[in-house]
Amino acid sequence: MPIGGDLLSSTMAGIAFIGCAMTAITPAPGAQAQGRRREVVVNGKRIKTVDVHAHCIVPAAAALIHHPLEAPGLLMADTSTRIAAMDAQGIDVEALSINPYWYGAERDAAAELIKVQNETLVEFCAASPDRFVAFATAALQHPDLAAEQVEYAVKTLGFRGVGVGGSVAGDELSNPRFHPFWAKCEELGVLVFMHPLGTRELEPSGRLAGSGLLTNTIGNPLETTIALSHLIFEGTLDRFPGLKICAAHGGGFLPSYANRSDAVCRTFPDRVGKLPKKNPTAYLKDGQLYFDTIVFTPEALRHLIAETGPGQIMIGTDYPFPWTSTEVDLVLNTPGLADDERIAILGGTAARLLGIAS
């Protein structure tokens, strides 16, 4: 979900969880009252589950560029409601991310904003280290600064991942100006969590107006599809083969129709431009691209796994937005998976990439 919505305030470490034109998730009353923590078991073994897609915001950072914060229906003075929801859903650890709202900020303001934001995230996670980790933030509109911010976040603050939008103020992530940032992410071996900001270029035309909340329903996965396609066809993934990018919302529409990208290389090779080093579908399977499970049904998850491989999938909930609260059950109920594959999707892969102890 894009940020720009309701604020769920918190006094803890200056961080707030946000809502966004939707009601935030609340756990079942019984689960919250009893404080029971669901333990996820696969073949008799208790496993640690990790949610790679959970949102938050740091109000003190947003205030530096006067980013508006509105009050929502669900207020949080502490993390009890969120942890109760995690406990009810069977989520042991959330990897917090902040959707970029600062890509228009000038350099000095962006530098201060990211400093406040990342340091607050560290403090917050340190207060509940068994429940929360976080993706660092970076000012990609200033790529050299972003590279410095990622290095500081990893080497000094201890982050193991960084979050980015699906584009940067109208520029594609494949633009060569971002090569210093990608080079630093590859060098440091961090997981990059990519969350779309929507296809805002289409909104003035009215194509996404009308019923259906299309700016989000199809706009968000569409931006992810465009971003991943450019990273493949513009050679970014070839230039930085060690990159690890997790695309939100199951990678958008790309995994559902990726074979068309292979077909265009065969059908119109003279119109594609410089051909990627591999078939486009290979990038979905070869360890550079990862995907969360927000695809809603066992059949959709089965298909995503068939197109990418079980080792490329990690659970995501989109908390606090009420898109889903059953991701653990989605994985457990998807047919055809071996026990070790379910364990990897539920938390093993994310724990390995983010340095979370088992």
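Placed above this text is the structure.
Read on for a plain summary of the structure. (Residues numbered from 1 in each chain as written. Predicted model: local features only at pLDDT ≥ 70, side-chain atom pairs only at ≥ 80, totals over all residues. Heavy atoms only, no water.)

### Some remarks on unusual backbone geometry
Consideration 1: For the bond from Tyr319 to Pro320, the omega torsion is 10°, close enough to zero to count as cis.
Consideration 2: Its place among the elements puts Pro320 in the loop between strand E12 (313-314) and helix H14 (327-333).
Consideration 3: The backbone of Leu213 shows a phi angle near 45°, a positive value even though the residue is not glycine.
Consideration 4: Here Leu213 is to be found in the loop between strand E9 (191-195) and helix H7 (214-217).
Consideration 5: Notably, Asp318 is not glycine yet its phi reads approximately 65°, a positive angle.
Consideration 6: Tracing the sequence through the fold places Asp318 in the loop between E12 and H14. (Helix = DSSP H or I, 4+ residues; strand = E, 2+ residues; numbered from the N terminus.)

### What to know about the sheet that holds strand E5 (residues 50-55)
Consideration 1: The three strands are arranged E5-E6-E7 in an open sheet whose pairing can be described as parallel. In this open sheet, the two edge strands, each paired with only one partner strand, are E5 and strand E7 (132-134). Adjacent strand axes in the sheet meet at a mean angle of 35° when their direction is disregarded.
Consideration 2: Pairing of strand E6 (residues 93-97) with E7 involves three bridges; the strand directions are parallel. Bridge pairing in E7 links Glu94 to Phe132.
Consideration 3: Each of E5, E6 and E7 touches helix H3 (residues 80-89); the most contacted strand, E6, lies at about 130° to it.
Consideration 4: Each of E5, E6 and E7 touches helix H15 (residues 339-354); the most contacted strand, E5, lies at about 75° to it. (Pairing = 2+ DSSP bridges. Axes fitted to C-alpha atoms, helices over the stretch in contact; angles between N-to-C directions. Contact = heavy atoms within 4.5 Å.)

### Description of the pairing of E6
A regular strand carries its side chains on alternate faces of the sheet.
Consideration 1: Most of E6 is tucked away: five of the five residues are buried.
Consideration 2: Side chains of E6 alternate between two faces, with Val93, Ala95 and Ser97 and Glu94 and Leu96 buried alike.
Consideration 3: Where E5 meets E6, four bridges bridge the pair, whose relative direction is parallel. Directly across from Ala54, in E6, lies its bridge partner Leu96.
Consideration 4: At this point the chain moves from E6, through helix H4 (residues 107-127), to the parallel E7, and the crossover so formed is right-handed. (Buried < 20%, exposed > 50% of the residue type's maximum accessible area, 1.4 Å probe, protein only. Right-handed = clockwise from strand over helix to strand, strands pointing away.)

### Focus: helix H8 (residues 219-233)
Consideration 1: Between its first and last C-alpha atoms H8 spans 21 Å; for 15 residues at 1.5 Å apiece the expected length is 21 Å, and the two agree.
Consideration 2: In terms of residue burial, H8 counts as a mostly covered element, since twelve of its 15 residues are buried.
Consideration 3: Here H8 has its buried residues at Gly219, Asn220, Pro221, Glu223, Thr224, Thr225, Ala227, Leu228, Ser229, Leu231, Ile232 and Phe233.
Consideration 4: Looking at the residues trailing H8, positive phi occurs at Gly235, about 85°. (Expected span 1.5 Å × (residues − 1).)

### Description of H3
Consideration 1: The element H3 is extensively covered by neighbouring structure, given that eight of its ten residues are classed as buried.
Consideration 2: Looking at H3, one finds that the buried residues are Thr81, Arg82, Ile83, Ala84, Ala85, Met86, Asp87 and Gln89.
Consideration 3: In the stretch just after H3, Gly90 is the one whose phi turns positive, near 85°.

### Side note on the environment of Val40
Consideration 1: Position of Val40 among the secondary structure elements: in the loop between helix H1 (29-34) and strand E3 (41-42).
Consideration 2: The buried category is assigned to Val40, whose relative accessible area is 1%.
Consideration 3: Residues Val40 and Asp329, 289 residues apart in the sequence, show an inter-C-alpha distance of 9.5 Å.
Consideration 4: Non-local contacts of Val40, meaning those with residues more than four positions away in its chain, are made with Lys45, Arg46, Ile47, Thr49, Gly90, Val328 and Leu346.

### A closer look at the packing of helix H5 (residues 143-155) against helix H6 (residues 179-188)
Consideration 1: Where H5 meets H6, the closest approach of the two axes is 8 Å, and the angle between their N-to-C directions is 20°. Judged by the inter-axis angle, H5 sits roughly parallel to H6. In the packing of H5 onto H6, the handedness of the crossing is right-handed. The segment H5 lies against H6, with Pro143, Ala146, Ala147, Val150, Glu151, Val154 and Lys155 engaging Pro180, Phe181, Lys184, Cys185, Glu187 and Leu188.
Consideration 2: Taken together, the residues that form the contact of H5 with H6 break down as nine nonpolar, no polar and four charged. (Parallel < 35°, antiparallel > 145°, perpendicular 65-115°, else oblique. Left-handed = near helix turned anticlockwise from the far one by under 90°. Nonpolar A, V, L, I, M, F, W, Y, C, P; charged D, E, K, R; others polar.)

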